[in-house]
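Letter by letter, the chains look like this.
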Amino acid sequence: MTTGASTSPRTTNRPRRSRLRTFLPLGVAAWLVLEIWLLTVVAGATGGLTVFLLLVAGLVLGSLVVKRAGRRAFRNLNEALQRGGSPSRTGGNGLMMLGGLLLMLPGLVSDAAGLLLLLPPVQKAVGRYAERTIDRTLRQSPYGSFGDAFQQARMHRPDGKIVQGEVVRDEPADTRGEPRPPLPR
């Protein structure tokens, strides 16, 4: 006579982990080990003061780059709003800010990547690659594109007709305490 739980393994229908969720922690750990190892190698060759000065210079340069890119993005936004149009592409301000943030991170590999992102040809290449990747991901999405989402949010009927109307709440009075007039029929 046996009591207790059965010995058969449980099967669950959990979705598989994505490659990003599997390898991202491993990649971050390897990057941290590489940064620390490189800093110790440079400190052994030149001294600790040189490494400290390199880290401080990266922090100062990165903060200046982020400040400049932020001001330029804000200026472009203000100009676009004053013209009455919508803001256009910012011309690499996002990648410039990312380069500044990489410069601000302590480490020599991140400094090198940040300096590379400050070069205009690298910014253009990375921007084109990111745009293609995002477009491909949105096209492969089972939910469709952003335009599809807006169209589906507007539709209320299966035949695609847009139903005009307004929201009527069941409250007897509005915020002033007065009764609402009846709706016209």
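Reading the values: the criteria
Residues numbered from 1 in each chain as written. Predicted model: local features only at pLDDT ≥ 70, side-chain atom pairs only at ≥ 80, totals over all residues. Heavy atoms only, no water. Helix = DSSP H or I, 4+ residues; strand = E, 2+ residues; numbered from the N terminus. Buried < 20%, exposed > 50% of the residue type's maximum accessible area, 1.4 Å probe, protein only. Contact = heavy atoms within 4.5 Å. Areas by Shrake-Rupley, 256 points an atom, 1.4 Å probe, with all protein chains shown as cover. Polar contact = N/O pair within 3.5 Å; in protein donor to acceptor, adjacent residues only side chain to side chain. Lys, Arg positive; Asp, Glu negative; His and termini not counted. Salt bridge = Lys/Arg side-chain N within 4 Å of Asp/Glu carboxyl O. Axes fitted to C-alpha atoms, helices over the stretch in contact; angles between N-to-C directions. Parallel < 35°, antiparallel > 145°, perpendicular 65-115°, else oblique. pLDDT = per-residue confidence, 0-100.

**Student:** Summarise the overall build of the protein chain; cite the residues concerned and give the values.
**Tutor:** Scanning the protein chain from terminus to terminus reveals six helices and zero strands. Of the regular secondary structure in the protein chain, the N- to C-terminal order runs α-α-α-α-α-α. Taking all 185 residues of the protein chain together, 12% fall into the buried category. Once local pairs closer than 6 in sequence are excluded, the contacts in the protein chain between residues at least 24 apart make up 51%. When the accessible area of the protein chain is evaluated, it comes to approximately 15,700 Å², of which 63% is carbon and sulfur surface.

**Student:** I'd love a proper account of the side chain of glutamine 123, names of residues and values included.
**Tutor:** Inspection of the secondary structure assignment puts glutamine 123 in helix H5 (residues 120-140). The class for glutamine 123 is buried, based on a relative accessible area of 11%. Within the structure, the side chain of glutamine 123 is placed 3.0 Å from the backbone oxygen of leucine 117, a separation counted as a polar contact.

**Student:** Could you give an account of the side chain of glutamate 35, with specific residues and numbers?
**Tutor:** For glutamate 35, the position within the fold is in helix H1 (residues 19-46). With no salt bridge to any partner, buried glutamate 35 finds its closest opposite charge in arginine 68, at an N-O distance of 22 Å.

**Student:** Explain the packing of H1 against helix H2 (residues 48-83) to me, and be specific about the residues and the numbers.
**Tutor:** In a pair of packed helices, the angle between the axes and the distance between the axes together describe the arrangement. Following both chains from N to C, one finds H1 and H2 inclined at 130°, their axes separated by 7 Å at the closest point. Taken together, the axis directions place H1 and H2 in an arrangement best described as oblique. From H1, Leu39, Val42, Ala43 and Thr46 reach across to H2, where they touch Gly48, Thr50, Val51, Leu54 and Leu55.

**Student:** Which residues make up the confidence of the model for the protein chain, and what values do they have?
**Tutor:** Taken residue by residue, the protein chain gives an average pLDDT of 79. The fraction at 70 or more is 68%. Considering each helix and strand of the protein chain separately, the mean pLDDT is smallest for helix H6 (residues 146-154), with a value of 55, and largest for helix H4 (residues 108-117), with 93.

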